[in-house]
Structure formats: structure tokens, C-alpha cells
Amino acid sequence: MNNKKKVIEALAHTVFDHGALSNPFYRRWLSTPMKFYEVEIFARNYWARTCRTATMVALSLLRAKHLSARVEIVKNLYSELGCGDSAKAHSVLLQNYLLDLLSRLANRTYTLDELGAGQILPSTHVFIEEQDALYAPDGLGRPSSYVLGALLAQEWLAYSMLTRLYEGARNYQHLYTNNDEFHERCEYFYIHIGDAEKEHKIQSVTAAALECDNEEDLIGLTTGFNRFLDITENYWNGISQAIEGGHALESNA
Ligand SMILES: [Fe+2]
Ligand SMILES: [Fe+2]
């Protein structure tokens, strides 16, 4: 088990050199404050993808064969859903953060309808479809470890993604009355950086190791893992291009 965990941890560490984490969107988000319409592009596409996270974790629970792996995944799902408090569900905390930031940037109330009903990018649609295919129960004979590989990638990307998004969020601190108000609005980030995602990383390695009985399972795990990284890179590149495309339109005007 320990050896297996080491192999899986080594695989998990490859996220740090992948375009899923090292990409032009993060560089832009971290550099200087973006305009309202640029933040809106990010927010709509991030919301469209991230509001489905708990469902993906639930699907991986259904696919896992081993009881102990399921127990690990349930811990993750419980935390995603607010540990029994719906007001603390991660999707609710994210929604609160995004609507508040967009309202401040627009200088008016920005509604959930606007966030959810606005057009999302073709690349985000592709991500959602590919993610559904990754986590779906399938008749393709893929080992259950394939889904655990996707979950492993999702969880190992999440912590670093959230530290980057939080650092970029600090570029908008001037929109808040004072420091305390800014930090109160950042609960979505703090819950992930301080606790949840650190736990999810450990749980995803444990669940993956429990689910891998042989070489074929390990190959399935690696394939699902790499696929998730690739679709994530494509997703962030789509957002980056849309923002850069907006610049091109602006300078042509
Ligand atoms: Fe979360
Ligand atoms: Fe997570």
C-alpha cells in the first residue's frame, strides 16, 4: 500500500509542471486588476464549471468499488456540501464571492441570473462534456481507477488553483471599504486553502491507492488523471483567449 501511494503521489506531483496550472490565464489574473467584462468572462465560465464539483465527486463515489475508497470520497463530498450546513456548501460560498465582486465592479447589484444565464465559452462547454464523459458510468470497460485518476487530478489542481485565484482576488482589495470587509468576503478561498483542499489531496491519494489492485488499474488511473489535466489546460486557455480577444476588439474599436 505504501509503495502504491508513493507511485500515486509522484503522479499527482506532475500537476505542478502542467499547463493546467501554468497557463496564461493565471498569469493575467495574478498580474493587475482586470476590467468588469474580463472578470465577468472568468466568473461565468468558472461558475459554470465549478458549480458541478460536488456532482463529480458523487459520481466518483458511485464508480469506486472498494468500501474504504468510498469512505474517503464521502469525506470529500461532505465537505463540498458544507459539512451539513447548506449555507457553507462550497458552491454557495463561490456564488457569494463572485456576485459580490461583480456587483462592486459594475457598481450595481449583479444577479445570479446574469451569472448563470450568460453565454459560456465553447471551450467551457467542451470541458463540461469531457468531464461528464470522464466521470460517467460507462460500458467501455474502463477500470474504476480511471475515474479515481480524474478525481486525483481535480483535487491536486484545486489547492494550487485556489491559491492563485486568491492571490489574484487581492488585486481588487481597493473595491472594499476596508481590509476586514475584503477578508469577510473571501470565505470561499479560506475554506479551501486553509483546510478542505489539503484534506482532499490526501483523501484522493488514499482512495486511488485503494482502488488500484494491479498494473491495469494503475494505467487506468494515469489515463484518467492525464485526461483531466489536458481538458483543464484547454479550459483555462479558452478563458484566456476570450479575454485577450476582448482586448483585440477593444483596440480595433
Ligand atoms: Fe470545494
Ligand atoms: Fe476538493
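Right above here is the structure, for reference.
The model shown is predicted, which means the values in this text are computed figures rather than measured ones.

**Focus: the overall build of the protein chain**
Reasoning step 1: Assigned secondary structure in the protein chain consists of twelve helices and zero strands.
Reasoning step 2: Sequence-ordered secondary structure for the protein chain, helices as α and strands as β, is α-α-α-α-α-α-α-α-α-α-α-α.
Reasoning step 3: Against the compact-globule benchmark of 18 Å for 253 residues, the protein chain has a radius of gyration of 19 Å, which places it among compact chains.
Reasoning step 4: Expressed along its principal axes, the backbone C-alpha trace of the protein chain runs to roughly 55 × 40 × 30 Å.
Reasoning step 5: With 253 residues in all, the protein chain has 51% of them scored as buried.
Reasoning step 6: In the protein chain, 23 side chains carry a positive charge and 32 a negative one; their mean positions are 2 Å apart.

**Observations regarding the environment of Tyr 110**
Reasoning step 1: Following the sequence through the fold, Tyr 110 ends up in the loop between α6 (90-106) and α7 (112-117).
Reasoning step 2: Note on Tyr 110: relative accessible area 2%, which makes it buried.
Reasoning step 3: In contact with Tyr 110, not counting residues within four places along its chain, are Phe 36, Glu 40, Arg 44, Leu 99, Leu 102, Ser 103 and Leu 115.

**Things to note about helix α3 (residues 36-50)**
Reasoning step 1: End to end, α3 covers 20 Å across 15 residues, agreeing with the expected 21 Å (1.5 Å per residue, within 8%).
Reasoning step 2: Most of α3 sits inside the fold, with 13 of its 15 residues counted as buried.

**Thoughts on the layout of surface pockets**
Reasoning step 1: When its volume is computed, the largest pocket comes out at roughly 300 Å³.
Reasoning step 2: If you trace the largest pocket, you find 25 residues lining it, with Thr 50, Thr 53, Glu 80, Gln 154 and Tyr 188 closest to the centre.
Reasoning step 3: Contributing elements (two or more residues each) for the lining of the largest pocket: α3, α4 (53-63), α6, α9 (145-169) and α11 (187-211).
Reasoning step 4: The leading source of residues in the lining of the largest pocket is α9, at six residues.
Reasoning step 5: A per-class count over the lining of the largest pocket returns 13 nonpolar, seven polar and five charged.

**Some remarks on the coordination of the iron ion (ligand 1)**
Reasoning step 1: Donor atoms from the polypeptide that coordinate the iron ion (ligand 1) comprise Glu 80 (OE), His 90 (ND1) and His 192 (NE2), at 2.1 to 2.2 Å from the metal.
Reasoning step 2: In this structure, the iron ion (ligand 1) is positioned 4.6 Å from the iron ion (ligand 2). Of the two residues, Glu 80 is situated in helix α5 (residues 67-80) and His 192 in helix α11; the sequence distance between them amounts to 112 residues. Here the two residues Glu 80 and His 192 agree in accessibility, since each one is buried.

Rules of the game
Residues numbered from 1 in each chain as written. Chains lettered and ligands numbered in written order. Predicted model: local features only at pLDDT ≥ 70, side-chain atom pairs only at ≥ 80, totals over all residues. Heavy atoms only, no water. Helix = DSSP H or I, 4+ residues; strand = E, 2+ residues; numbered from the N terminus. Rg over C-alpha atoms; globule rule 2.2 N^0.38 Å. Buried < 20%, exposed > 50% of the residue type's maximum accessible area, 1.4 Å probe, protein only. Lys, Arg positive; Asp, Glu negative; His and termini not counted. Charge placed at Lys NZ, Arg CZ, Asp CG, Glu CD. Contact = heavy atoms within 4.5 Å. Expected span 1.5 Å × (residues − 1). 1 Å grid on protein atoms, 1.4 Å probe; cavity = no way out; pocket = protein on both sides within 12 Å on 5 of 7 lines; lining within 4 Å. Points joined across faces, edges and corners; volume = space filled by probe spheres on them. Nonpolar A, V, L, I, M, F, W, Y, C, P; charged D, E, K, R; others polar. Donors = N, O, S within 2.8 Å, 3.2 Å for Na, K, Ca; no water.

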